[in-house]
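# Structural characterization, general
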Amino acid sequence: MSGDGPTPQEDFDHETDSTYKPPPEKTIEEILATDQEDESLRKYKQALLGQAESGTVIVEPDDPRKVIVKKLVLVVADRPEVSLDLTGDISKLKKETFAIKEGISYRIRIEFIVQREIVHGLKYVQKTYKLGLPEPVDKMTHMVGSYAPKSEMQSYTTPPEDAPSGMMTRGNYTVHSLFTDDDKHEHLKWEWSFDIKKDWKD
């Protein structure tokens, strides 16, 4: 499948927006130190930072990353959830194929851990290629938001998407996914695949 389009690295090399300038990255200590006399702002920062206000939150001490992406889950109403483990050898994920019935509505849930520092403007970017076609058949970018460190798993679920339908849309698709942020830190980039089928039983 690797010869059927750009690699994930090539695919996102040009995903830049020269007109948008993210705010400067600040540590938790810097956020807490500003505007301390403003009571309403202080309470807002308390709510935003949560556990991180009382000290550094480190969930996995041996992992230096701020964002650790754990799992991608396919969510379809009245169907068991199907997930991809993103903690192991992600190069093998494109060999594990989801089966999706044509025309159904589905969501994608990303589960992740934020530790050490607050992360600003998380984004989930996805490009979908149909087997044999050089250009993506679908592109989407979801603004996930800013997250403070927590000891618990955090998650983001995309709005509903409708799978294509019709005989010409059936077949194998490759997806290039990127979890990034305002500062262009690439927290995880991976490739996976799914089949559009006439029915779940195919």
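Quick summary incoming for the structure in this document. Residue positions are given per chain, counted from 1 along the sequence in the order it is written. Local features in this predicted model are restricted to residues of pLDDT 70 or higher, and side-chain atom pairs are both shown and tallied only at a pLDDT of 80 or more, whereas totals for entire chains, interfaces and linings draw on every residue. Just so you know, side-chain values use all the structure's heavy atoms and leave hydrogens and water out.

### Side note on the overall build of the chain
This is how it is decided: Labels follow the DSSP assignment, with helices taken as runs of H or I lasting at least four residues and strands as runs of E lasting at least two, numbered in each case from the N terminus. Exposure categories follow from relative accessible area, calculated using a 1.4 Å probe and restricted to protein chains: below 20% of the type maximum is buried, above 50% is exposed, and the middle band is partly exposed. The contact criterion used throughout is that any non-hydrogen atoms of two residues lie within 4.5 Å. Using a 1.4 Å probe, accessible areas were evaluated by the Shrake-Rupley method; residue-level cover was limited to the displayed protein chains.
Looking only at helices and strands, one finds 3 helices and 10 strands in the chain. Ordering the α and β elements of the chain from the N terminus gives α-α-α-β-β-β-β-β-β-β-β-β-β. Counting every position in the chain, which comprises 202 residues, the buried fraction comes to 39%. Counted over contacts in the chain with a minimum sequence separation of 6, partners at least 24 positions apart contribute 72%. When the accessible area of the chain is evaluated, it comes to approximately 11200 Å², of which 50% is carbon and sulfur surface.

### Considering the nonpolar core
Stated precisely, the cut-off is as follows: Put simply, a nonpolar core is a bunch of buried Ala, Val, Leu, Ile, Met, Phe, Trp, Tyr and Cys residues held in one set by side-chain atoms that sit within 4.5 Å of each other.
Of all hydrophobic cores here, the largest spans 32 residues; its most connected members are L72, I110, F112, Y124, F179, W190 and W192. At the level of elements, β1 (67–76), β3 (97–101), β4 (105–114), β5 (119–130), β6 (138–147), β9 (171–180) and β10 (188–197) are the ones that each hand at least two residues to this core.

### A look at the packing of aromatic side chains
Test applied: Pairing of aromatic rings covers Phe, Tyr and the six-membered ring of Trp, with a centre-to-centre limit of 6.5 Å; geometry is then stacked below 30 degrees between planes, edge-to-face above 60, and tilted otherwise.
Throughout the structure, instances matching the rule amount to 6 aromatic pairs. Relative to Y147, the ring of F112 lies with its centre 5.1 Å away and its plane at 85 degrees, an arrangement referred to as edge-to-face. Taken as a pair, F112 in strand β4 and Y147 in strand β6 lie far apart in primary sequence, 35 residues in all. Taking relative accessible area as the criterion, Y147 reaches 15% and is therefore assigned buried.

### Considerations on the sheet that holds β5
As a reminder of what qualifies: A pair of strands is labelled paired if DSSP reports no fewer than 2 bridges between them. To obtain an axis, a line is fitted to C-alpha atoms, over the contacting stretch when the element is a helix, and the angle between two such axes runs from 0 to 180 degrees between their N-to-C directions.
One open sheet holds the 5 strands; their spatial order is β3-β10-β9-β5-β6, and the pairing between them is mixed. In this open sheet, the two strands that pair with only one neighbour each are β3 and β6. Averaged over neighbouring strand pairs, the angle between their axes works out to 25 degrees when direction is ignored. In this structure, β5 lies alongside β9, joined through 8 bridges in antiparallel fashion. Residue pairing in the sheet places Y129 in a bridge with T174 of β9.

### A closer look at the pairing of strand β7 (residues 154–157)
The side chains of a regular strand alternate between both faces of the sheet. The side-chain alternation of β7 yields one buried face, formed by Q154 and Y156, and one unburied face, formed by S155 and T157. Pairing of β4 with β7 involves 4 bridges; the strand directions are antiparallel. Within β7, the position partnered with I110 by the bridge is Y156.

### Brief notes about unusual backbone geometry
The phi torsion at R116 lies on the positive side, around 75 degrees, for a residue other than glycine. You can call R116 partly exposed: its relative accessible area is 22%. At K184, a position not held by glycine, the phi torsion is positive, near 65 degrees. Of note, K184 is situated in the loop between β9 and β10.

### Some details on the pairing of β4
Of all 10 residues that make up β4, 8 are buried, and the element is covered over most of its length. As judged from the 9 bridges shared by β1 and β4, these two strands associate in the antiparallel manner. Following the sheet pairing, V76 is matched in β4 by Y106. Here β4 pairs with strand β8 (residues 161–162) via 2 bridges, running antiparallel. Directly across from Y106, in β8, lies its bridge partner E161.

### Side note on the side chain of T128
As for its position among the elements, T128 is in strand β5. We classify T128 as buried; its relative accessible area is 5%. Once you skip the residues sitting within four places of it in the chain, T128 turns out to touch P136, V137, D138, Y173, T174, V175 and F194.

Coordinates in, geometry out; function isn't part of it.
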